[in-house]
Amino acid sequence: MKTLIVTGGTVDHSFAMSYRKEHNFDYYIAADSGIRFFVQSGIQPDEVLGDFDSADPAQLSQLRSNSKIIFHQYRPEKDAVDTELALQLALEKGSSEIHILGGTGTRLDHMLGTVRLLGFAMEQGKTCYLVDAYNRIRLIRERTVLTKAGQYGDYISLIPLTTQVTGVTLQGFKYPLEAYTLGGFSSLGVSNEIVKEQAVIELEEGILILVESRD
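Residues numbered from 1 in each chain as written. Predicted model: local features only at pLDDT ≥ 70, side-chain atom pairs only at ≥ 80, totals over all residues. Heavy atoms only, no water.

With respect to the pattern of salt bridges
Counting across every chain of the model gives eight salt bridges. Between Glu47 and Lys93 there is a salt bridge, with the nearest N and O atoms lying 3.1 Å from each other. A residue pair is termed long-range when its members are at least 10 positions apart, and Glu47 in strand β3 (residues 47-50) and Lys93 in the loop between α4 (82-92) and β5 (97-101) qualify at 46 residues. For Glu47, a relative accessible area of 1% translates into the label buried. Taking the relative accessible area as the measure of exposure, Lys93 reaches 39% and is therefore partly exposed. Measuring nitrogen to oxygen at the nearest pair gives 2.6 Å for the salt bridge that ties Asp51 to Lys78. (Salt bridge = Lys/Arg side-chain N within 4 Å of Asp/Glu carboxyl O. Helix = DSSP H or I, 4+ residues; strand = E, 2+ residues; numbered from the N terminus. Buried < 20%, exposed > 50% of the residue type's maximum accessible area, 1.4 Å probe, protein only.)

Spelled out as structure tokens, the structure:
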């Protein structure tokens, strides 16, 4: 099952609509002020959750009037942010692929936290993407193949999430690597490019943040 989570960060409405059309999602979850996208687009979320401290009361009331939507309300004083609760819910529902919109924006702390949350899905063997109009972010810890035709933008960046990522080998990139250890205070791995029809990322141990981006 392919699930879309819309949370309370910045959402480019036009991009979100085209992204939704492209991916044909099976299930929709709104997290807190992520309800704005669903109300404005006329799309019915399957479930809505959050403490609703940043949600518009009128939009919230509009969705509550729909008996087909399942609501989960939490106290503001909780140990998990709304995006984490939405991700947990998506996994409990049996999602094999999860896409998060609204997880980027002006709150850098929230964005960094959401990047780490991608590991929650990865540990369960599920694919999870954090997406906006300019970036597609995921975590990888095994051989990954990218195609030039299918890449998201022009640039590929690989940033260690763990302290070190060993045995990094890059083939089909403008800047190749061979059995390299990425780590420490270095920007090596940022802003690479695919130069062949197919590019391969291999690693031995560790977790990489894979960012596909465009200007």
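That was the structure; now back to the text.
Examining the packing of aromatic side chains
Inspection of the entire model under this criterion finds six aromatic pairs. Between Phe15 and Tyr19, the aromatic rings sit 5.5 Å apart at their centres with planes inclined by 35°, giving tilted as the arrangement. Placement of both Phe15 and Tyr19 in helix α1 (residues 13-23) is noted, with a separation of four residues, approximately one turn of the helix. Judged by relative accessible area, which is 13%, Phe15 ranks as buried. The exposure class of Tyr19 is buried, given its relative accessible area of 3%. Plain terms: the ring middles of Tyr28 and Phe38 are 6.2 Å apart, the flat faces sit at 80° to each other, and that makes the pair edge-to-face. A residue pair is termed long-range when its members are at least 10 positions apart, and Tyr28 in strand β2 (residues 27-31) and Phe38 in helix α2 (residues 35-41) qualify at ten residues. For Tyr28, a relative accessible area of 9% puts it in the buried group. The exposure class of Phe38 is buried, given its relative accessible area of 1%. For Lys2, the ring lying beneath its charged end belongs to Phe25, and the centroid distance is 5.9 Å. (Phe/Tyr/Trp six-rings, centres within 6.5 Å; stacked < 30°, edge-to-face > 60°. Lys NZ or Arg CZ within 6 Å of the ring centre and 35° of its normal.)

Here we look at the layout of surface pockets
Computed from the structure, the largest pocket encloses a volume of approximately 490 Å³. Lining the largest pocket are 27 residues, with Thr7, Gly8, Gly9, Thr83 and His110 sitting closest to its centre. Every element with two or more residues in the lining of the largest pocket is listed here: α4 and α5 (108-122). By residue number, the principal contributor to the lining of the largest pocket is α5, which donates six residues. The residue inventory of the lining of the largest pocket, partitioned by class, reads five nonpolar, 15 polar and seven charged. Approximately 290 Å³ is the volume attributed to the second largest pocket. Considered class by class, the residues forming the lining of the second largest pocket number six nonpolar, three polar and five charged. (1 Å grid on protein atoms, 1.4 Å probe; cavity = no way out; pocket = protein on both sides within 12 Å on 5 of 7 lines; lining within 4 Å. Points joined across faces, edges and corners; volume = space filled by probe spheres on them. Nonpolar A, V, L, I, M, F, W, Y, C, P; charged D, E, K, R; others polar.)

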